[in-house]
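Structural overview
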Amino acid sequence: MSESGHSQPGMYGQGRRRRRRRGDRDAGPPGQNLSGPSRDREYQPRERRVIQTNTPNDENAPASGAPVLEKPIMLMKARDDGGKPGTPPEAAAQPSGPGPSKMEKEGQRPTQPVYQIQNRGMGASASSSANVGSMVGQSKLLPPEKMKHSIKLVDDQMNWCDSAMEYLRDQTDMLVVGVIGLQGAGKSTIMSLLSANTPEEDQRGYVFKAQTQEIKERGGNQSTGIDFFITQERVIFLDTQPMLSPSILDHLINNDRKLPPEYNLPHTYVEMQSLQIAAFLFTVCHVVIVVQDWFTDLNLYKFLQTAEMLKPSTPSASHDSTGSSGNDDGAEYYPHIVFLQNKARRDDFCPRNLKNMHKVVDKLMAHSHLKYKGTMSMLDCNIFPGLGQEYLATEVNMFLLPVQENDGEDNLTKAGSGTYPLFSLLPGYRGHPAFSTMVSKLRSQILAMPRCQLSHTILTEKNWFHYAARIWDGVKKSSALSEYSRLLC
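Scope of this entry: the structure provided in the associated data block. Numbering of residues starts from 1 in every chain and runs along the sequence as written. Local features in this predicted model are restricted to residues of pLDDT 70 or higher, and side-chain atom pairs are both shown and tallied only at a pLDDT of 80 or more, whereas totals for entire chains, interfaces and linings draw on every residue. Side-chain numbers here rest on the full set of heavy atoms in the structure, without hydrogens or water.

Next up on the list: the pairing of strand β6 (residues 235-240). Look at any regular strand and the pattern is simple: side chains alternate between the two faces of the sheet. Residue burial is assigned from relative accessible area. The probe radius is 1.4 Å, only protein chains are included, and a residue is buried under 20% of its type maximum, exposed over 50%, and partly exposed in between. Numbering of helices and strands runs from the N terminus, with a helix taken as a DSSP run of H or I at least four residues long and a strand as a DSSP run of E at least two residues long. Among the six residues in β6, six count as buried, and that is most of the element. By the alternation rule, side chains of β6 split into Val235, Phe237 and Asp239 and Ile236, Leu238 and Thr240, which are all buried. Strand pairing is assigned whenever DSSP detects at least two bridges linking the two strands. Turn length for the strand β5 (residues 226-230)-β6 hairpin, with the two strands adjacent in sequence and antiparallel, is four residues, and the turn residue Arg234 shows positive phi of about 65 degrees.

Now the structure itself:
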């Protein structure tokens, strides 16, 4: 007590009691601490860490793998999953027998604990599902399988084939391009050049097999049915057998092939086959290329108009989705038509002749609903420099493709001789760009075509395949085609 009669602070106050309490706790024998066995390890330097541990003596510790709602922490693996200190992870992963282990009875801790990282709010099941989801995502990011050659979509017996399904994916960004034309016009070669090959490659390695010299000499056809090929850019190309083919008719007659019961004459069967293929392409393609190797065959335009007349109608939306689609129920789908003049001569590139060809095609297709104008222009390709858009007032979707250089027609005589020997080193005048340049411009024009909606819903590649199969089955069973074939007899 001080001289003033007051007791000194800290002598008998809270500080004294606090020291006495600490001394009492330190004076107790080991193992007799009233605060529990876990308090003995609370002040050990080895145990002071910012982690969540699960010990056998701590009943309030969270179980292994339990979700923690704080920032990412480290959880120690459960004691029943571990082994003796220093054992490898393979031995520690072995399941322990029933009952507590010897280490748990002695209250010891492993000297080298194993930790695992867990995100906030995620348990063991969530992490496993995340791993599965990442694997699925990686599989979706894998590039699609690349086709090396075409496969059959419709065989020579006019039966549907399902082998193309494995190359299709569940995405809607696609373009479908079909081709029709007479025999020997160069349909397969053009489709190969547009899809995967270049003019410098050997034609024997084209994705769509072209006519060999032997087949040309005996007047045969190479393609039968409909061939399928899809590029890495998700463009589907459909090559077809020749329309109104005399070689197919000759094969039917000379080989005594049995005709379907609904057809009596071979030429009727060949014409109906061609109409079925053309009507099918008019329904499932965004772009249909009509290939000719001379200008022009009026029977081909009559054939196009007949196929347009017999084309199956666009399937309307179901009754439960009426009004949900943006299309009118009476709206009919028609593709874009491109008239390709293959093996064009130098005179065909004359502006006056080009203008006359556009006028003739425009007159022949004036009453057609097919989209034959407004989506392709040779004047935009810088093929005719100096000609404006007003030069072709009736411009249609027409493109001229010259003869390949290796065919001999472009191996012209050298310009200049005698007086100007240096001019003999220059190539002769062709009147048009090189064949490879024209193919590149044609490919750019085709791939830039509008991709209209084929049906009342947006189709993925796989949906398109099922839709095309349904359309082909409907074409073969069409009452309009059956009635037309009956009138031909």
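For Phe, Tyr and Trp, rings pair up if their centres lie within 6.5 Å, where Trp contributes its six-membered ring, and each pair is then called stacked (planes under 30 degrees apart), edge-to-face (over 60) or tilted (otherwise). Counted according to the given criterion, the structure contains six aromatic pairs. A ring pair is formed by Tyr263 and Tyr269, whose centres lie 5.3 Å apart and whose planes are at 50 degrees; its orientation type is tilted. Owing to a relative accessible area of 10%, Tyr263 belongs among the buried residues under this scheme. The class of Tyr269 is buried, set by a relative accessible area of 9%. Taking the centre distance of 5.4 Å and the plane angle of 85 degrees together, the rings of Phe280 and Trp472 count as edge-to-face. Remark: Trp472 occurs in helix α12 (residues 461-476) and Phe280 occurs in helix α8 (residues 266-284); sequence separation between them is 192 residues. Take Phe280 and Trp472: they sit in the same class, and that class is buried. By way of ring pairs, the aromatic residues Trp160, Phe280, Phe465 and Trp472 are connected into one cluster. In our convention, an over-ring charge means Lys NZ or Arg CZ found within 6 Å of a ring centre and within 35 degrees of that ring's normal. The aromatic ring of Tyr391 is capped on one face by Lys355, whose charged end is 4.9 Å from the ring centroid.

We now examine α12. Multiplying 1.5 Å by the residue count of a helix minus one yields the expected span of that helix. In a regular helix each residue adds 1.5 Å, so 16 residues correspond to 22 Å; α12 covers 23 Å between its end C-alpha atoms and thus fits that length. Taken together, the buried positions of α12 are occupied by Glu461, Trp464, Phe465, Tyr467, Ala468, Ile471, Trp472 and Val475. Projection of α12 onto a plane perpendicular to its axis shows the buried side chains occupying an angular sector of 165 degrees, all on one side. If you follow the buried residues of α12, they end up packed against β3 (151-154), β4 (175-181), β5, β6, α8 and α13 (479-488). This arc is taken over the directions from the axis of the helix to the C-beta atoms. Whether two residues touch is decided by their heavy atoms; if any such pair falls within 4.5 Å, the residues are in contact.

Turning next to the environment of Glu483. One can find Glu483 in helix α13. One polar contact links Glu483 to Arg486, side chain to side chain, over a distance of 2.4 Å. Any pair of N or O atoms that falls within 3.5 Å is considered a polar contact. Within protein, one atom must be able to donate a hydrogen and the other to accept it, and sequence-neighbouring residues count only if both atoms are side-chain atoms.

Remark: helix α7 (residues 246-254) packs on α8, axes separated minimally by 9 Å, with the N-to-C direction vectors making an angle of 140 degrees. Put simply, α7 runs oblique to α8. Both α7 and α8 take part in a crossing whose hand is right-handed. Contact residues: Ile248, Leu249, Leu252 and Ile253 in α7; Pro266, His267, Tyr269, Val270 and Gln273 in α8. Amino acids outside the nonpolar list (Ala, Val, Leu, Ile, Met, Phe, Trp, Tyr, Cys, Pro) and the charged list (Asp, Glu, Lys, Arg) are all regarded as polar, and Gly is one of them. Across the contact of α7 with α8, the residue classes break down as seven nonpolar, two polar and no charged. Orientation is described by lines fitted to C-alpha atoms, with helices fitted over the stretch in contact, and by angles between N-to-C directions that extend from 0 to 180 degrees. Each angle gets one of four labels, with under 35 degrees taken as roughly parallel, over 145 as roughly antiparallel, 65 to 115 as roughly perpendicular, and the rest as oblique. Each helix crossing is assigned a hand: it is left-handed if the near helix lies turned anticlockwise from the far helix by less than a right angle, otherwise right-handed if that turn is clockwise.

One can describe the packing of α8 onto α12 by two numbers: an axis separation of 10 Å at closest approach and a directional angle of 145 degrees. In this structure, the crossing between α8 and α12 has a hand that is right-handed. In this structure, α8 uses Gln276, Ile277, Phe280, Thr283 and Val284 to contact α12, whose residues at the interface are Trp464, Tyr467, Ala468, Ile471, Trp472, Val475 and Lys476.

A few words on the sheet that holds β6. Ordered in space as β3-β5-β6-β4-β7-β8-β9, the seven strands form an open sheet in which the pairing is mixed. The two strands at the open ends of the sheet, each matched to only one other strand, are β3 and β9 (398-402). Strand-to-strand twist of the sheet, defined as the mean angle between neighbouring strand axes without regard to direction, takes the value 30 degrees. Note that β3 and β5 share three bridges and pair antiparallel. Across the sheet, the residue bridging to Ile151 is Phe228, located in β5.

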